[in-house]
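Working through the structure, step by step
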Amino acid sequence: MPLVRIDTTQRLAPERRRALGDAVHRAMVETIGVPPDDRFQVIVGHADAALNVTPGYLGIDHGSDVVLVQITLNAGRTVEQKKALYQRLAADLAATGAVRREDVIVNLVEVVKENWSFGNGDAPYAR
Amino acid sequence: MPLVRIDTTQRLAPERRRALGDAVHRAMVETIGVPPDDRFQVIVGHADAALNVTPGYLGIDHGSDVVLVQITLNAGRTVEQKKALYQRLAADLAATGAVRREDVIVNLVEVVKENWSFGNGDAPYAR
Amino acid sequence: MPLVRIDTTQRLAPERRRALGDAVHRAMVETIGVPPDDRFQVIVGHADAALNVTPGYLGIDHGSDVVLVQITLNAGRTVEQKKALYQRLAADLAATGAVRREDVIVNLVEVVKENWSFGNGDAPYAR
């Protein structure tokens, strides 16, 4: 159910960007209860001019190789679950070697459960 | 008012991707009352590595040529309207010959009516 | 905190697209109280076939060089603030010479304040 958009630099090769996506998915499975088979991601590598990101905000410096992770998901996670997700994302994406912890930017967009179809026109959560 | 993002494979030629967009629009007009002239879409064809999609979820298999349709629209549609939209999207996108019914993935993001401007700085729904 | 997606034509050179992004940011700072250092934007230039936009809606004609500005931000702005933002966006983006006032399309997606992390796994607004 999450639809994940990952935007980062094209300096990362496609397979490394894909590895970031896989790490994002594992973090969601292990911190906020996303089903392991529920993976729907769009991962784009951009030229520098396309990522217009502050050099620093709230005391955290940002380089030119940020990773923006925007996750659309069902409402209902607690603040504690969300915090655990952010911690895991920063740690695990940095562990891939592709990005600094400081440059893992995350945004959640929450929707109601009837707002999804995963093929065949079904609305599996609209019960 | 809907802003529609369609992400699919670059194996589909641009004009076929555009035809998917037109089919998405007609389905919204006919099932959830979107005005026919209210069409704002961004349609992107990606390399395989950019679409990181599960091979199967909830009993539906997915191939490498999925179509992800994310629709931002005003809140207010009923669950029945949303279900009708999903059914039409699966049927009509498959009818273009570009995608299987199983590979039509849909997500709705709902907003309030004052969250739109369609040019000139107007906020036409903020009444 | 806003995550801004700007989609426009690839006929605009990357530096001109970036200038649109900078103008969007200044408008948000000056009308809805976004911190000056809080800039996170993804700006993409598309081929014509990718921007499937109505030739006209609600009495406003659209050309082939629209700018779609989708802003995800914290809930809480008033309708008057939103209207002021739209006016500034239309005026200031047109003033760059890159786009007509009529072709500045804006959509806001609102989220709760715990839905953000700006690096290091912190959740700075979740207090």
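**Describing the overall build of chain A**
A count of helices and strands for chain A gives two helices and eight strands. Taken from the N to the C terminus, the helices and strands of chain A come in the order β-α-β-β-β-β-β-α-β-β. Here the C-alpha radius of gyration of chain A, 15 Å, is about what a compact globule of 127 residues would show, namely 14 Å. Structurally, chain A occupies a C-alpha span of about 45 × 30 × 25 Å along its principal axes.

**A look at the sheet that holds strand S6 (residues 67–74) of chain B**
One open sheet holds the six strands; their spatial order is S8(A)-S7(B)-S6(B)-S1(B)-S2(B)-S3(C), and the pairing between them is mixed. Two strands in the sheet have a free side with no partner beyond their single neighbour: strand S8 (116–118) of chain A together with strand S3 (51–53) of chain C. The sheet shows a mean angle of 15 degrees between the axes of neighbouring strands, direction not considered. In the sheet, S6 of chain B pairs with strand S7 (residues 104–111) of chain B via eight bridges, with the strands oriented parallel. Each bridged residue has a counterpart across the sheet, and for Asn74 of chain B the counterpart in S7 of chain B is Val111 of chain B. Sheet strands in contact with helix H1 (residues 14–32) of chain B are strand S1 (3–9), strand S2 (40–46) and S6 of chain B together with S3 of chain C, and its direction is about 140 degrees off that of S1 of chain B.

**Remarks on the interface of chain A and chain B**
Taken residue by residue, the interface counts 29 residues in chain A and 34 residues in chain B. Residue assignment for the side of chain A that touches chain B shows that the elements contributing at least two residues are helix H1 (14–32), strand S2 (40–46), strand S7 (104–111) and S8 of chain A. Taken together, the residues that form the side of chain A that touches chain B break down as 13 nonpolar, eight polar and eight charged. As paired strands, S2 of chain A and strand S3 (residues 51–53) of chain B are joined by three bridges and run antiparallel to one another. In the strand pairing of S3 of chain B, Val42 of chain A is matched with Leu51 of chain B.

**Brief notes about the interface of chain A and chain C**
Interface size, as often reported, equals the accessible area lost upon joining of the parts. With 34 residues of chain A in contact, the opposing surface of chain C contributes 29 residues. When contributions to the side of chain A that touches chain C are tallied by element, the ones reaching two or more residues are strand S3 (51–53), strand S4 (56–57), strand S6 (67–74), helix H2 (79–95) and S7 of chain A. A per-element tally of the side of chain A that touches chain C places H2 of chain A first, with eight residues.

**Brief notes about the packing of helix H1 (residues 14–32) of chain C against helix H2 (residues 79–95) of chain C**
All names here are of chain C. The N-to-C vectors of H1 and H2 enclose an angle of 150 degrees; their axes lie 9 Å apart at closest approach. When the axes of H1 and H2 are compared, the pair comes out roughly antiparallel. Taken as a pair, H1 and H2 cross one another with a handedness that is right-handed. Residue-level contacts link Leu20, Ala23, Val24, Arg26, Ala27, Met28, Glu30, Thr31 and Ile32 of H1 to Gln81, Ala84, Leu85, Arg88, Leu89, Asp92 and Leu93 of H2. Here the contact of H1 with H2 is built from residues that sort into 10 nonpolar, two polar and four charged.

What counts and how
Residues numbered from 1 in each chain as written. Chains lettered and ligands numbered in written order. Predicted model: local features only at pLDDT ≥ 70, side-chain atom pairs only at ≥ 80, totals over all residues. Helix = DSSP H or I, 4+ residues; strand = E, 2+ residues; numbered from the N terminus. Rg over C-alpha atoms; globule rule 2.2 N^0.38 Å. Pairing = 2+ DSSP bridges. Axes fitted to C-alpha atoms, helices over the stretch in contact; angles between N-to-C directions. Contact = placed C-beta atoms within 7 Å. Nonpolar A, V, L, I, M, F, W, Y, C, P; charged D, E, K, R; others polar. Parallel < 35°, antiparallel > 145°, perpendicular 65-115°, else oblique. Left-handed = near helix turned anticlockwise from the far one by under 90°.

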